[in-house]
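Each chain, letter by letter, is given below.
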Amino acid sequence: REVRLPSGWEGLSIKLNRASQLVVSEVPKACFSSAAFGASGAKPQVDGVSEGDEIATFNGEKPLKVVERITAQGDAWNACSSASPP
């Protein structure tokens, strides 16, 4: 299935597994004011995405290319390279 990630996707945690698959490692829950509400009623920040879902492409890029881009100094996908100070 293909899921278009809505606003808020930046909250997802992703990892590259041993099979070189990019997978969702965590879908954080929306902010809440108490631990009890968090345990009983907080919803995921991103609907339609679950922990363990494979990301086949990311804005058209294959997983290994994504890793290269987010770790390459000067690449637009590397937010650290545009920070001041770096």
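Cut-offs applied
- Residues numbered from 1 in each chain as written.
- Predicted model: local features only at pLDDT ≥ 70, side-chain atom pairs only at ≥ 80, totals over all residues.
- Heavy atoms only, no water.
- Salt bridge = Lys/Arg side-chain N within 4 Å of Asp/Glu carboxyl O.
- Buried < 20%, exposed > 50% of the residue type's maximum accessible area, 1.4 Å probe, protein only.
- Helix = DSSP H or I, 4+ residues; strand = E, 2+ residues; numbered from the N terminus.
- Core = buried A, V, L, I, M, F, W, Y, C linked by side-chain atoms within 4.5 Å.
- Contact = heavy atoms within 4.5 Å.
- Pairing = 2+ DSSP bridges.
- Axes fitted to C-alpha atoms, helices over the stretch in contact; angles between N-to-C directions.

**Q** Whenever I open this one, the pattern of salt bridges confuses me. Can you help?
**A** Oppositely charged side chains can pair when the atoms bearing their charge come close. A full pass over the atoms with the stated rule returns 3 salt bridges. Two residues, Glu61 and Arg69, come together in a salt bridge whose shortest N-O distance is 3.2 Å. In this structure Arg69 comes out as buried when scored by relative accessible area, which is 18%. One salt bridge connects Lys65 with Glu68, and the closest N-O pair in it is separated by 3.8 Å. Linking Lys65 with Glu68, this pair stays in helix H2 (residues 63-71), spanning 3 residues, or about one helical turn. Under the relative-accessibility criterion, Lys65 is labelled partly exposed at 37%.

**Q** Can you walk me through the nonpolar core in this structure?
**A** The tendency in soluble globular proteins is for nonpolar side chains to be buried side by side. In this structure, Leu12, Leu22, Val24, Val27, Val46, Val49, Ile55, Phe58 and Val66 together form the largest nonpolar core, which totals 9 residues. With residues near it in sequence (within four places) discarded, Val24 still touches Leu12, Ser13, Ile14, Val49, Ser50, Glu51, Gly52, Asp53 and Ile55.

**Q** Help me understand the sheet that holds strand S1 (residues 13-16), please; the structure alone is not making it clear to me.
**A** Hydrogen bonding along the main chain pairs the strands of a sheet, whether they run parallel or antiparallel. Reading across the sheet, the 3 strands line up as S1-S2-S3 and stay open at both edges, with antiparallel pairing between neighbours. If you trace the sheet from one side to the other, it starts and ends with S1 and strand S3 (54-55), each paired once. Here S1 pairs with strand S2 (residues 22-26) via 4 bridges, running antiparallel. Paired with Ile14 across the bridge in S2 is Val24. Strand contacts of H2: S1, S2 and S3, with the helix running at about 110° to S1, the strand carrying the most contacts.

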